[in-house]
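This is what each chain is made of:
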Amino acid sequence: MRRLTDTDAAIAYGKNLLRGERVYLREVREADFASLSRWWNDPATTVLQQATARPVPEATITERFRQWTANSTPNDPSFAVARIEDDELIGQVGLIAAPHGRTAEFVIILGPEHTGSGYGTETCRLMLRFGFAELGLHRIELRVWGYNTRAITAYQRAGFVEEGRRRDVTFHNGQYGDEVIMGILETEWWIRAEEAATDN
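Fair warning: this is a prediction, and the values are worked out from it, not measured in the lab.

**Looking at the overall build of the protein**
In terms of regular secondary structure, the protein is built from 7 helices and 7 strands. For the protein, the α and β elements follow one another from N to C terminus as α-β-α-α-α-β-β-β-α-β-α-β-β-α. Computed over the C-alpha atoms, the radius of gyration of the protein is 17 Å, within 12% of the 16 Å expected from 2.2 N^0.38 for a compact globule of 200 residues. Viewed in the frame of its principal axes, the protein has a C-alpha envelope of about 55 × 40 × 35 Å. Taking all 200 residues of the protein together, the buried fraction comes to 41%. Expressed as a percentage of contacts within the protein between residues at least 6 apart in sequence, the contacts between residues at least 24 apart total 63%. Within the protein, one finds 23 positive and 29 negative side-chain charges whose respective centroids are separated by 2 Å.

**Here we look at the packing of aromatic side chains**
Under the definition given, this model contains 10 aromatic pairs. Their ring planes at 80 degrees and their centres at 6.0 Å tell us that Phe106 and Tyr155 sit as a pair that is edge-to-face. Of this pair, Phe106 sits in strand 4 (residues 103-110) while Tyr155 sits in helix 6 (residues 149-158); the two residues are 49 residues apart in sequence, bridging distant segments of the chain. According to the relative accessible area criterion, Tyr155 is buried, its value standing at 10%. Between the aromatic rings of Trp189 and Trp190, the centroid separation amounts to 4.8 Å while the plane-to-plane angle is 75 degrees, which identifies the pairing as edge-to-face. Each member of the pair, Trp189 together with Trp190, is buried. Members of the aromatic cluster, joined through ring pairs, are Trp40, Phe65 and Trp68. One residue, Arg19, lies across the ring of Tyr24, its end atom 6.0 Å from the ring centre.

**A short note on the packing of helix 2 (residues 33-41) against helix 4 (residues 58-68)**
Closest axis-to-axis distance for the helix 2/helix 4 pair is 9 Å, and the angle between their directions is 115 degrees. Comparing the axis directions of helix 2 and helix 4 gives the class roughly perpendicular. The handedness of the crossing between helix 2 and helix 4 is right-handed. Contacts between helix 2 and helix 4 involve Phe33, Ala34, Leu36, Ser37, Trp40 and Asn41 from the former and Glu58, Ile61, Thr62, Arg64, Phe65, Arg66 and Trp68 from the latter. Looking at the contact of helix 2 with helix 4 residue by residue, the class counts come to 7 nonpolar, 3 polar and 3 charged.

Rules and cut-offs
Residues numbered from 1 in each chain as written. Predicted model: local features only at pLDDT ≥ 70, side-chain atom pairs only at ≥ 80, totals over all residues. Heavy atoms only, no water. Helix = DSSP H or I, 4+ residues; strand = E, 2+ residues; numbered from the N terminus. Rg over C-alpha atoms; globule rule 2.2 N^0.38 Å. Buried < 20%, exposed > 50% of the residue type's maximum accessible area, 1.4 Å probe, protein only. Contact = heavy atoms within 4.5 Å. Lys, Arg positive; Asp, Glu negative; His and termini not counted. Charge placed at Lys NZ, Arg CZ, Asp CG, Glu CD. Phe/Tyr/Trp six-rings, centres within 6.5 Å; stacked < 30°, edge-to-face > 60°. Lys NZ or Arg CZ within 6 Å of the ring centre and 35° of its normal. Axes fitted to C-alpha atoms, helices over the stretch in contact; angles between N-to-C directions. Parallel < 35°, antiparallel > 145°, perpendicular 65-115°, else oblique. Left-handed = near helix turned anticlockwise from the far one by under 90°. Nonpolar A, V, L, I, M, F, W, Y, C, P; charged D, E, K, R; others polar.

What follows is the structure in structure tokens.
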């Protein structure tokens, strides 16, 4: 599966690199920033991803997303997540390179109206394929609040495993919560990818 043996194999790899069954990854467009900013400020999303639920001006969030998604360096790829059937934007996903050891941190935001439908798992799988098969990463990791059980399930389905917890590091609703650290290694991903290719 790893070696591209001819032109057709290379073209097929390129066509499918950023495309799944229901979603695909593309560049972030100017029209996307309004939705991304709205999702970032939505309390339903905020409590799942941020330390404090507080609105931030749209211009500030837009500028942050503009920087995060510029793809000006090859080591920090970021993409819009769009639904294949209607090209609707449903989220944003990226990898943030660590300063050591071919490692990157996985980050994702999906619009609240698009969660619970399996899009998160498929997006994770696409980004893992890009990170390991295209960027040559050795490790991809993430951090998630322990009560974000839906996200943890999606990450596990994509191949991430829990590696540890930072206890009582988040505070919402008057209570402390854990941060779960998850990761996947290239060897683990290649085994899963080759098994999936054999099944197809």
